[in-house]
Amino acid sequence: MTPQPESEQYASVVPLRAAPTGSLERVPPHDLEAEQAVVGALMLAPEVTAQVAEAMDPTDHYRPAHETIHRAILDLHGRGQAADPITLGHHLDHAGVLGKVGGRPYLHTLVQAVPSTANAEYYAGIVHQLARRRRSIEAGTRIVQAGMSPDATDDDLREALALGAEAIPATWAEPIPLNVQPKLPPFPTRALPGWLADYVAAVAEETQTPPDMAGALALSVLSAASGGRAVVQVRGRWREPTNLFVVVALGPANRKSSVFAAMTRPLYEAEKSLVEGANLTIVEAEVTAKMAREAAEKAAVQAAKAEGPERDNLIAEAIGLAQVAETLTVPASPRLLADDATPEVITTLLAEQGGRLAVMSAEGGIFDIIAGRYSGIPNMEVFLKGHAGDRLRVDRRSREEFIEAPALTMGLAVQPSVLEEIGKNRGFDGRGLLARFLYCLPESLVGRRRINPEQVPAAVAATYERNVYALTLRLADWTDPLVIQLTPEADRALIAYEERLEPQLRAKGGRLGHIDKWAGKLVGATARIAGLLHLATHIDGGHHEPITEATLRAAIEIADYFTAHALTVFDLMGADTSLARARVLLAALEHNGWESITRRDLFAKLSRSEFPTVAELEPALALLEEHGYLRTDTPPRTGKRGRPPAPRYLIHPHVREPKA
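The rules behind each value
Residues numbered from 1 in each chain as written. Predicted model: local features only at pLDDT ≥ 70, side-chain atom pairs only at ≥ 80, totals over all residues. Heavy atoms only, no water. Helix = DSSP H or I, 4+ residues; strand = E, 2+ residues; numbered from the N terminus. Buried < 20%, exposed > 50% of the residue type's maximum accessible area, 1.4 Å probe, protein only. Contact = heavy atoms within 4.5 Å. Areas by Shrake-Rupley, 256 points an atom, 1.4 Å probe, with all protein chains shown as cover. Pairing = 2+ DSSP bridges. Axes fitted to C-alpha atoms, helices over the stretch in contact; angles between N-to-C directions. pLDDT = per-residue confidence, 0-100. Salt bridge = Lys/Arg side-chain N within 4 Å of Asp/Glu carboxyl O. Core = buried A, V, L, I, M, F, W, Y, C linked by side-chain atoms within 4.5 Å. Parallel < 35°, antiparallel > 145°, perpendicular 65-115°, else oblique. Left-handed = near helix turned anticlockwise from the far one by under 90°.

Remarks on the overall build of the chain
- Looking only at helices and strands, the chain features 25 helices and 13 strands.
- In the chain, which comprises 660 residues, the share counted as buried stands at 45%.
- Within the chain, counting contacts between residues at least 6 apart in sequence, those at least 24 apart form 73% of the total.
- Surface accessibility of the chain: about 33100 Å² in total, with carbon and sulfur atoms responsible for 53%.

In structure tokens, the structure reads:
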């Protein structure tokens with residue numbers, strides 16, 4: 001066995017197995033106490049999972065039971081569940097392996113065998129180093145046995161040498177470029193209500209565009225139809241309005257305008273119908289207000305000419321008529337949609353329309369307007385509060401407006417370059433505007449489109465237009481919002497989703513830690529999506545019924561889709577600091593041409609502006625190692641006491657090659 005950690009660290013730990021006394025057969029190098037400490041630390045402190053993963057793999061365990069337990073813990077952590085002995089025991093029992101790993105008592109033994117969870121990475125390093133030694137021995141044994149065997153063929157020798165090289169990697173695989181985007185999932189059209197799913201699929205087929213664009217815009221259309229008129233009662237005082245900000249990023253020649261027109265047409269028809277229905281009311285209000293003003297003005301003129309006691313009576317009458325005229329207002333012409341409008345105009349429209357408005361555009365110019373294209377001063381207040389539903393009050397010399405619960409919808413289709421540009425605007429990210437959008441980055445079909453595809457069936461199009469039109473008009477006159485409840489089953493499903501999501505928000509080791517501003521709003525966005533799916537399911541009535549578990553799970557499926565796309569989009573916008581720093585670090589490695597370097601020496605040679613502390617350096621190193629640009633090489637300890645040798649990073653030869 002290799003030297004153990006300092007004796008006082010393991011004073012309370014009893015080894016499970018020792019080398020047989022007097023045995024002529026050597027036991028492969030291993031440290032069961034270190035293995036126990038690793039899996040025990042993973043059970044006690046989920047936050048060390050990332051550190052342990054960087055130092056070792058579950059296959060590095062000498063005892064198979066420890067590998068099984070290690071993998072089970074990772075499985076539980078991946079689901080956002082605790083890995084305490086009780087939960088872990090139930091998980092292993094369900095898998096049918098609890099007895100094979102030592103039973104529930106042994107799980108408690110593992111927890112007790114942890115000297116300190118803070119040293120988990122160090123224990124994992126010991127386990128990994130010993131695993132490398134065992135693999136070296138196995139590789140050498142295979143080569144010696146093949147060489148000593150008189151019956152071994154040339155193929156047997158070559159196979160033994162190949163297996164040895166595999167056990168002790170001496171060659172480097174081609175590194176994975178940092179800018180390669182992962183394969184993103186397609187929009188889950190099946191999660192939409194049947195009539196909406198049919199239309200989305202048909203529009204995607206007719207226009208030969210990815211269903212993501214029509215699917216995302218379908219949510220925006222439902223949001224425009226119901227935003228400001230319906231809310232989801234999650235639990236307690238937690239309510240979510242049903243308006244969304246959605247942006248689809250696709251390159252040119254992807255027929256964004258055609259898809260936009262197909263999806264938004266019934267909204268324009270509904271808006272036209274609302275205008276026609278309001279025209280008579282508006283005319284009557286205008287005439288009444290005009291007559292009231294004229295009567296007040298006439299009374300004021302008569303009062304000014306009168307004298308004596310009659311003057312006081314006429315003044316009082318004129319004041320009364322003026323007050324009546326002041327209370328008479330002319331309703332604004334109904335508006336559902338806006339496009340190229342300034343924040344000030346959008347605020348006014350929201351106030352006029354009872355807090356409901358949708359900004360729908362096949363271009364990304366609205367971001368330039370928010371950034372101050374016309375005024376030179378960024379103005380995003382109406383967008384921030386319009387998404388959240390917070391009270392909006394404007395007190396200016398020229399106008400005074402108040403909106404109790406604004407509900408602004410945004411449905412945009414932009415080019416990916418627009419996302420790159422807005423990612424550079426620190427105000428957008430700092431104020432939280434970017435965190436309010438649901439992003440999708442579908443794969444372009446340009447160059448692979450079918451010629452003369454199937455057209456949207458007339459019946460499918462008619463159903464879509466009729467349903468969107470009906471939903472919009474049904475909710476148009478609501479002043480108090482329609483409150484949609486969750487069934488107990490749906491509430492439990494949402495709670496389980498929250499529990500799965502929360503550990504992923506950790507700044508260190510969390511999958512969504514670097515986009516926590518966005519991910520922190522994801523549960524609320526899921527509730528909003530569930531509300532929209534519920535309303536779309538009950539077009540012909542029953543919208544007062546609570547949201548079912550099936551609808552909530554469909555919303556979660558759509559939310560998982562947006563999550564996968566958001567990770568790539570925020571990478572595109574430079575939000576993933578680990579990736580950005582990994583690129584800076586890779587450039588430094590290429591420039592200096594090191595064959596190997598310690599972490600301390602590397603940190604000393606880097607800019608403090610990019611890497612203020614070693615903590616900022618570690619995620620970038622892990623990312624480069626994950627992509628194959630470097631390897632960690634930990635020298636063996638030379639004694640039982642003192643600090644362990646500092647690991648070195650071996651640099652890929654390609655990184656050291658001069659660039660053309």
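What about the sheet that holds strand β13 (residues 648–651)?
- Spatial ordering of the open sheet is given by β11-β13-β12, a layout of three strands whose pairing is antiparallel. Each edge of the sheet is formed by a strand with only one pairing partner; in this case those strands are β11 (596–598) and β12 (630–633). Across the sheet, the mean angle from the axis of one strand to that of its neighbour is 30°, orientation sign disregarded.
- Of the pairings in the sheet, the one linking β12 to β13 comprises four bridges and is antiparallel in character. Counted as the bridge partner of R631 is L650 from β13.

So, the pairing of strand β2 (residues 238–241)
- Both strand β1 (residues 230–235) and β2 contribute to a ladder of four bridges, which runs antiparallel. Within β2, the residue paired with R235 across the bridge is W238.
- As consecutive antiparallel partners, β1 and β2 are separated by two residues, and within that stretch G236 has a phi angle of approximately 60°, a positive value.

Remarks on the confidence of the model for the chain
- Per-residue pLDDT for the chain averages 82, and the proportion of residues at 70 or more is 84%.
- Mean pLDDT in the chain bottoms out at helix α7 (residues 154–167), which sits at 56, and peaks at helix α8 (residues 194–207), which reaches 97.
- Every residue in residues 1–25 scores below 50 in pLDDT, and together they form 38 contacts with partners more than four places removed in sequence or on other chains.
- Taken together, the stretch residues 165–170 has pLDDT below 50 and engages in six contacts with residues farther than four places along the chain or on a different chain.

Considerations on the pattern of salt bridges
- Counted under the stated rule, the structure contains 14 salt bridges.
- Of the charged contacts in the structure, one is a salt bridge between E557 and R190, with a shortest N-O distance of 2.4 Å. Placement of E557 in helix α21 (residues 549–572) and of R190 in the loop between α7 and α8 is noted, with a sequence separation of 367 residues between them.
- Note that R265 and E465 form a salt bridge whose closest N and O atoms lie 3.4 Å from each other. Of this pair, R265 sits in helix α10 (residues 256–305) while E465 sits in helix α17 (residues 458–476), placing them 200 residues apart in sequence.
- Among the residues examined, R265 registers a relative accessible area of 38% and is labelled partly exposed.
- Among the ionic contacts, a cluster of salt bridges with common partners joins R235, D491 and E498.

Some words on the sheet that holds β1
- Taken in spatial order, the three strands make up an open sheet running β2-β1-β10, and their pairing is mixed. Strand pairing shows two members of the sheet lacking a second neighbour, β2 and β10 (482–484), which therefore form its edges. Pairwise comparison of adjacent strand axes, ignoring direction, gives a mean angle of 30° for this sheet.
- As paired strands, β1 and β10 are joined by three bridges and run parallel to one another. Among the inter-strand pairings, A230 is bridged to a residue of β10, identified as L482.

Details of the pairing of β13
- Side chains of β13 alternate between two faces, with Y649 and I651 buried and R648 and L650 left unburied.
- When β11 meets β13, the two strands line up antiparallel, connected through three bridges. Residue pairing across strands places T598 opposite R648, the latter belonging to β13.

Quick look at the nonpolar core
- Core analysis: the largest hydrophobic core is formed by 120 residues, its most contacted members being M263, I346, I366, F383, Y439, W518 and F562.
- In terms of residue count, the dominant contributor to this core is α21 (twelve residues).
- Discounting chain neighbours no more than four positions away, the residues touching M263 are Y199, V200, V203, A214, L217, A218, V221 and Y464.
- In terms of nonpolar packing, the next biggest core, distinct from the first, is built from 33 residues, V38, A41, A45 and V48 among them.

Some words on the environment of A620
- Tracing the backbone through its elements, the reader meets A620 in helix α24 (residues 614–626).
- Along the sequence, A620 and V584 sit 36 residues apart, while their C-alpha atoms lie 8.9 Å from each other.

Comments concerning the packing of helix α1 (residues 32–44) against helix α3 (residues 64–78)
- Running from amino to carboxyl end, α1 crosses α3 at an angle of 15°, the nearest separation of the two axes being 10 Å. Of the possible angle classes, the one that applies to α1 and α3 is roughly parallel. Classified by chirality, the crossing of α3 by α1 is left-handed. Contact residues: α1 offers L32, E35, Q36, V38, V39, L42 and M43, while α3 offers H66, I69, H70, I73 and H77.

Considering the environment of A95
- Inspection of the secondary structure assignment puts A95 in helix α4 (residues 85–95).
- With 23 residues separating them in the primary sequence, A95 and A72 have C-alpha atoms 9.4 Å apart.

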